[in-house]
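# Residue-level structure breakdown
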Amino acid sequence: MPPEYDPVESPDATTVFPYHDLTPPTTADVYRARRVVRDHLPRTPLVRSEPLSAEFDADVYLKREDTLPTGAFKVRGGVTLAAGLDDEFRDPGLIAASTGNHGQSVAYAGRAFDVPVTVVVPEDANPSKVTAMERLGAEVRHYGDDFDAARERAEALAADEGYRYVHSANEPDLVAGVGTAGLEVVEDLPDVDYLFCPVGGGSSAAGYCLTVGELTDATVVGAQSEAAPAMHRAWAEGHLRPSDRMGTFAEGIATSVPFAMTVRLLRDRLDDFRLVSEDALRAGVRDLLVEDSVVMEGACAAAVAAMRQYGDDLRGETVVFPVSGRNLDVEKLQAALDD
Ligand SMILES: *Cc1c(COP(=O)(O)O)cnc(C)c1O
């Protein structure tokens, strides 16, 4: 077995391999990623929301990442990583663990670059997300009760069979790739004052810090559910201990382990980080559907909930939040409407 397939000492509770360079990417890396992203994905619209602008007495814009193929921003990172893949990993290809959007991103990228993809999902994974990954050509394997069990299985398979393990956050190319959304915001709205962003593994928020945070005067604010506060704790307390709470309605930001590389970036660069309630997440999903006719996942509502904590402080300001994904399943939509 080639030595690069043996795990190395990991700073966090996940497995990393020698090919995982945990040096955080830079703003220059985001500009480099854009050359790839531009060739494979459309630019996403930045659209003013009249209902939210009225609510906050501010100029509020939605960055419509839900309009990308796969319906979520993560595909920007997937294509960036696959474009730079070492030839030695083309066979047997990529492996990832995911409950949804990360798996679809890697599956999309594998198809675009003709690299086989395996995704390990929990036994009870949402069937429509599984079908979406399979349609993109991925082999989906079911394992375990939750994301962490599936993740450990994917890590073991990577070690045993030599797949290139696409970690959900400790990947400079993923962060640089998703950061290209921030470059688009900077170009379209250089006077942005605030950017509110949901945090799961932290790649998206890190990407906005490297772009909107670096290139404009804007304040970048992260948001996570108080029911799944692992990354918030790591950011506030400076450690990488897993959290035992992961009961959020928003599976896109349900992370029980903080990830070393993104925690480092966010501790250096994120201006503020808010915890929001589960009720506020459901309210955000409902309000965007009813008022803006936008179907978005619970994860995106974390940003809206954090904006509502700021309240009057946003008066007169120019505010952006990403509609990070639209893969909301029907039961969750129903739960948000029934609330
Ligand atoms: C993954 C995801 C997030 C969280 O992004 P991270 O980069 O993991 O912090 C937010 N919203 C949606 C829709 C997602 O799929």
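For clarity, every value in this text was computed on a predicted model and none was experimentally measured.

Cut-offs and rules
Residues numbered from 1 in each chain as written. Predicted model: local features only at pLDDT ≥ 70, side-chain atom pairs only at ≥ 80, totals over all residues. Heavy atoms only, no water. Axes fitted to C-alpha atoms, helices over the stretch in contact; angles between N-to-C directions. Helix = DSSP H or I, 4+ residues; strand = E, 2+ residues; numbered from the N terminus. Parallel < 35°, antiparallel > 145°, perpendicular 65-115°, else oblique. Left-handed = near helix turned anticlockwise from the far one by under 90°. Contact = heavy atoms within 4.5 Å. Nonpolar A, V, L, I, M, F, W, Y, C, P; charged D, E, K, R; others polar. Domains from an automatic or database assignment. Buried area = accessible area lost by both parts, 1.4 Å probe. Pairing = 2+ DSSP bridges. Disulfide = S-S within 2.5 Å. Phe/Tyr/Trp six-rings, centres within 6.5 Å; stacked < 30°, edge-to-face > 60°. Buried < 20%, exposed > 50% of the residue type's maximum accessible area, 1.4 Å probe, protein only. Lys NZ or Arg CZ within 6 Å of the ring centre and 35° of its normal. Near = heavy atom within 4 Å. Polar contact = N/O pair within 3.5 Å; in protein donor to acceptor, adjacent residues only side chain to side chain. Areas by Shrake-Rupley, 256 points an atom, 1.4 Å probe, with all protein chains shown as cover.

## A few points about the packing of helix α10 (residues 230-237) against helix α11 (residues 260-269)
Look at α10 against α11: their axes get within 9 Å of each other, and the N-to-C directions meet at 55 degrees. Classed by the angle they form, the pair α10 and α11 counts as oblique. Crossing handedness for the pair α10 and α11: right-handed. Every residue of α11 that contacts α10 at M231, A234, W235, A236 and E237 is listed here: T262, V263, L266 and R267. Residues that form the contact of α10 with α11 fall into these classes: six nonpolar, one polar and two charged.

## Quick notes on the domain arrangement of the protein chain
Entries for the protein chain in the domain assignment read domain 1 (37-72 + 172-338) and domain 2 (75-165). Taken over C-alpha atoms, the centre of domain 1 sits 24 Å from the centre of domain 2. Listed by partner, the interface residues are 24 residues for domain 1 and 19 residues for domain 2. Counting each side, the surface lost to burial between domain 1 and domain 2 is near 1900 Å², with a carbon and sulfur contribution of 59%. The three residues of domain 1 that bury the most area against domain 2 are H40, T70 and L174, which together make up 29% of that side's buried surface.

## A word on the sheet that holds strand β3 (residues 94-97)
Spatially, β5-β4-β3-β6 is the arrangement adopted by the four strands of the open sheet, whose pairing is parallel. The open sheet terminates on both sides in strands that have one partner only, identified here as β5 (139-142) and β6 (164-165). Pairing of β3 with strand β4 (residues 117-121) involves four bridges; the strand directions are parallel. Bridging from a neighbouring strand, A97 pairs with V120 of β4.

## Considering the sheet that holds strand β9 (residues 272-276)
Ordered in space as β1-β2-β10-β7-β8-β9, the six strands form an open sheet in which the pairing is mixed. Edge strands, defined here as strands with exactly one partner in the open sheet, are β1 (46-48) and β9. Neighbour to neighbour, the strand axes of the sheet diverge by 25 degrees on average, direction disregarded. Of the strands in this sheet, β1, β2 (59-63), β7 (194-198) and β10 (318-322) are in contact with helix α7 (residues 172-188), which crosses β2 at around 145 degrees. Of the strands in this sheet, β8 (219-225) and β9 touch α10, which is tilted by about 145 degrees from β9.

## Thoughts on the state of the cysteines
Throughout the structure, instances matching the rule amount to zero disulfides. Its sulfur unpaired, C209 is 8.0 Å from the next cysteine sulfur, which belongs to C197. Free cysteine: C300, not disulfide-bonded; nearest cysteine sulfur from C197 at 9.8 Å.

## Considerations on the packing of aromatic side chains
Under the criterion given, the structure shown has eight aromatic pairs. With a centroid separation of 5.6 Å and 70 degrees between ring planes, the pair formed by Y194 and Y310 is classed as edge-to-face. Placement of the pair is Y194 in strand β7 and Y310 in helix α13 (residues 298-310), with a sequence separation of 116 residues. Assessed through its relative accessible area of 14%, Y194 is described here as buried. Among the residues examined, Y310 registers a relative accessible area of 11% and is labelled buried. Directly above the ring of Y143 sits R153, whose terminal nitrogen or CZ lies 5.2 Å from the centroid.

## A few points about the site of the ligand
If you check the shell around the ligand, you find 16 residues, and the closest are K74, G200, G202, S203 and S324. Note that an oxygen atom of the ligand is positioned 2.6 Å from one of the backbone N or O atoms of G200. Between the ligand and G202 there is a distance of 2.7 Å, counted from an oxygen atom to a backbone nitrogen or oxygen. Against a free-state accessible area of 380 Å², the protein chains account for coverage of 97% of the ligand. Residue composition of the shell around the ligand, grouped by class: five nonpolar, nine polar and two charged.

## Things to note about the pairing of β2
Within β2, four of the five residues are buried, which leaves it mostly tucked inside the rest of the structure. Pairing of β1 with β2 involves three bridges; the strand directions are antiparallel. Each bridged residue has a counterpart across the sheet, and for L46 the counterpart in β2 is K63. Judged from the five bridges that link them, β2 and β10 form a sheet pairing that is parallel. Across the sheet, L62 pairs through a bridge with F321, a residue of β10.

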